[in-house]
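Secondary and tertiary structure notes
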Amino acid sequence: MSSVLAMRLLQCCILLLGLILVPVSGLACTVCVDLPERTLADRLLNDRIVVIAQPAPDNPFSFTIVETIAGDAQALAELPAIPFLVDAATRRQFKIDNTLTVLMTFGSTEGSLLRSSGIGTWHRLMTMTPQRRQFVDTILKNADAWRRNSTRNEARFAFFAGHHTHPDRAIQVAALTELARVPYAFLRSLRDTLPPQELRRRLSDINEIPFEALYVKLLGISNRQEADAYVSLNFDRAMQRGSSMKTAWILAGIEVGGAGALDRVSQQLLRGALSEADRRELLTALSVTGTARPQLREVIAPVLHEAVQLHPERRADIAYTLYQWQDWTLAPYFEQLLVEEPKLDQVTRSILQLLITSARAEAG
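In this text the structure is predicted, and so the values were computed from the model without any measurement. (Residues numbered from 1 in each chain as written. Predicted model: local features only at pLDDT ≥ 70, side-chain atom pairs only at ≥ 80, totals over all residues. Heavy atoms only, no water.)

**A few points about the overall build of the protein chain**
Check the secondary structure of the protein chain and you find 17 helices and four strands. The 364 residues of the protein chain split such that 49% are buried. Relative to all contacts within the protein chain whose residues are 6 or more apart in sequence, the contacts with residues 24 or more apart total 65%. Carbon and sulfur atoms make up 52% of the accessible area of the protein chain, which totals about 18100 Å². (Helix = DSSP H or I, 4+ residues; strand = E, 2+ residues; numbered from the N terminus. Buried < 20%, exposed > 50% of the residue type's maximum accessible area, 1.4 Å probe, protein only. Contact = heavy atoms within 4.5 Å. Areas by Shrake-Rupley, 256 points an atom, 1.4 Å probe, with all protein chains shown as cover.)

Pasting the structure below:
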């Protein structure tokens, strides 16, 4: 088999695994964040059509389309009517300013990014202002580039990073939702973020719950003295007992505490007597840290090598992390495991085989 063909087959395997797995390392994008599967930008870039609507002149309780800003305007005739009623609050807004409009899209249901899908529904996104229109137009202008590899697109990240402190809450939320799912390495590159006192205030605000994990990680990377003591205190608490934000506080704690905090996490993982949730969170934090900071892998990798035997239920996650790091140290062990444990689940077998095949290809 030619090396080119072998590489293509390997890439296909990786793509297939990416569709069926959610390994530890994949949690780098969404640690402890409960957010919609599709962001505002996802809808704008992937839905079938994007329109601007207003209350109908002949019926103030229903919407009518006044502009199509993306998609095929002729396709509107094939689509169902906009189902949303103009509620009382919106009617009051339009009485004050009759130039206001509403941004809507017609696209697939939550979780699907298939633009060609014939199945879909209308989505009401936000009331428009000149600033929001400029924001939306910039997103649509970059559709072809930003639609690909959406969570790992550096230009897309840079745009939303520049808006995550925007005074318009709708724009800010759209940006924060994007930042909550990007790789941790991207997040660590932020230089100007919300002040620590504002991040702490938001952590006590029930309305900010969807962004709690993001705010914790921003505190960790803020590199400001007023954040360090607060992060260290919560890192200690997270290490001592269960916490809904444990992984995020561990990541922040490693940023602030350096080698000492990293060693503490490693030692706790290797004690063995841990709950399943603790094992998952500690491994996630180590995997995310090593993926974002390659210089720490020589410290973290040996811990993962030992943990794979202490916590066999996390083999797939650990193997996938080592595969991403191109660490083939455990390839012989995994090869023996495939022989000795024929009842391994198919997902674990596939990941172990992927690492073994990659190790052989590099060696050969």
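**Points about the pattern of salt bridges**
As enumerated under the stated definition, the model contains 24 salt bridges in all. The partner of Arg169 in a salt bridge is Glu208, and the shortest N-O contact between them spans 2.9 Å. Here the residue Arg169 occupies a position in helix 7 (residues 169–179), and Glu208 occupies one in the loop between helix 9 (196–203) and helix 10 (212–221), the gap between them amounting to 39 residues. For Arg169, a relative accessible area of 35% puts it in the partly exposed group. Taking the relative accessible area as the measure of exposure, Glu208 reaches 4% and is therefore buried. One salt bridge in this structure joins Asp278 and Lys246, with 2.8 Å as the shortest N-O distance. (Salt bridge = Lys/Arg side-chain N within 4 Å of Asp/Glu carboxyl O.)

**Looking at the pairing of strand 1 (residues 49–56)**
Taking burial as the measure, the eight residues of strand 1 include six buried ones, the bulk of the element. For strand 1 and strand 2 (residues 59–70), the ladder comprises seven bridges, and the chain directions are antiparallel. Note that in strand 2 the partner of Val50 across the bridge is Ala70. Counting the residues that bridge the hairpin from strand 1 to strand 2 gives two residues. (Pairing = 2+ DSSP bridges.)

**Let's talk about the nonpolar core**
Membership of the largest hydrophobic core comes to 73 residues, with the highest contact counts inside it found for Leu187, Trp249 and Phe334. The biggest single contributor to this core is helix 12 (residues 246–269), with 10 residues. With near-sequence residues (within four places) excluded, Leu187 lies in contact with Phe157, Leu179, Val182, Leu214, Lys217, Leu218 and Ile221. Ile69, Ala70, Met126 and Met128 belong to the second-largest nonpolar core, a separate cluster that totals 22 residues. (Core = buried A, V, L, I, M, F, W, Y, C linked by side-chain atoms within 4.5 Å.)

**Comments concerning unusual backbone geometry**
Its identity is not glycine, yet Asn149 carries a phi of approximately 50 degrees, on the positive side. Non-glycine residue Asn223 carries a positive phi angle of around 55 degrees. Along the chain, the position of Asn223 falls in the loop between helix 10 and helix 11 (225–240).

**Some details on the environment of Val299**
Counting through the fold element by element, Val299 comes out in helix 14 (residues 297–310). Judged by its relative accessible area of 43%, Val299 falls in the partly exposed class. Sequence separation of Val299 and Ser266 is 33 residues, and the distance between their C-alpha atoms is 9.4 Å.

**Concerning helix 16 (residues 331–340)**
Looking only at helix 16, the buried set comprises Ala331, Phe334, Leu337 and Leu338. In a view along the axis of helix 16, the buried residues occupy a sector of 120 degrees, so they form one face of it. More than 90 degrees from the buried face of helix 16, the exposed residues found are Pro332, Val339 and Glu340. The elements touched by buried residues of helix 16 are helix 14, helix 15 (315–324) and helix 17 (346–363). (Arc of directions from axis to C-beta.)

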